[in-house]
Amino acid sequence: MAREELTRLTGQAGGPECDDDDCPNVYRTKSGSFVIQGEMSDAFTAPVGEALVEIPEHVLKEAVRALGW
């Protein structure tokens, strides 16, 4: 997958929940899809080329608010 421009929707750097770029986050791509950053999960084996990540509920809520949904 080629790198594309991302808009960060959650986790303000220096904020109370995230002081580095190593915390769970949701990003929106230029094409309108989403990229999720979180801890790896081994809940089941994902198909080749895919991965499972876990992110806290508050991160999803923050992303929804940022999108105005």
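Here goes a summary of the coordinates provided. (Residues numbered from 1 in each chain as written. Predicted model: local features only at pLDDT ≥ 70, side-chain atom pairs only at ≥ 80, totals over all residues. Heavy atoms only, no water.)

Before going further, it helps to spend a moment on a nonpolar patch on the surface. A grouping of Phe 34, Ile 36, Met 40, Val 53, Val 64 and Trp 69 is seen on the molecular surface, where their side chains present a nonpolar patch of about 600 Å² in accessible area. Inspection of the secondary structure puts Ile 36 in strand 3 (residues 34-37). (Patch = residues over 30% accessible without salt bridge, like charges linked within 9 Å, V, L, I, M, F, W, Y side chains within 5 Å. Areas by Shrake-Rupley, 256 points an atom, 1.4 Å probe, with all protein chains shown as cover. Salt bridge = Lys/Arg side-chain N within 4 Å of Asp/Glu carboxyl O. Helix = DSSP H or I, 4+ residues; strand = E, 2+ residues; numbered from the N terminus.)

Taken in spatial order, the 3 strands of this open sheet run 1-2-3, and their pairing is antiparallel. If you trace the sheet from one side to the other, it starts and ends with strand 1 (6-8) and strand 3, each paired once. If you compare each strand with its neighbour and ignore which way they point, the axes differ by 30 degrees on average. The strands that helix 1 (residues 57-67) touches are strand 2 (25-29) and strand 3; relative to strand 2, the one it contacts most, it runs at about 35 degrees. (Pairing = 2+ DSSP bridges. Axes fitted to C-alpha atoms, helices over the stretch in contact; angles between N-to-C directions. Contact = heavy atoms within 4.5 Å.)

A ring pair, where both rings are aromatic, is described by two values, the distance of the centres and the angle of the planes. Using the criterion set out here, one finds 1 aromatic pair in the structure. Aromatic pair Phe 34 and Trp 69: ring centres 6.1 Å apart, planes at 85 degrees, arrangement edge-to-face. Placement of Phe 34 in strand 3 and of Trp 69 in the segment after helix 1 is noted, with a sequence separation of 35 residues between them. A residue is classified by how much of its surface remains accessible, and Phe 34, at 36% relative accessible area, is partly exposed. (Phe/Tyr/Trp six-rings, centres within 6.5 Å; stacked < 30°, edge-to-face > 60°. Buried < 20%, exposed > 50% of the residue type's maximum accessible area, 1.4 Å probe, protein only.)

Counting buried positions along strand 2 gives 4 out of 5 residues, so the element sits mostly inside the fold. Judged from the 3 bridges that link them, strand 1 and strand 2 form a sheet pairing that is antiparallel. Note that in strand 2 the partner of Arg 8 across the bridge is Tyr 27. Where strand 2 meets strand 3, 4 bridges bridge the pair, whose relative direction is antiparallel. Bridge pairing in strand 3 places Arg 28 opposite Phe 34. Taking the residues between adjacent antiparallel strands as the criterion, strand 2 and strand 3 are bridged by 4 residues, where Gly 32 takes a positive phi near 100 degrees.

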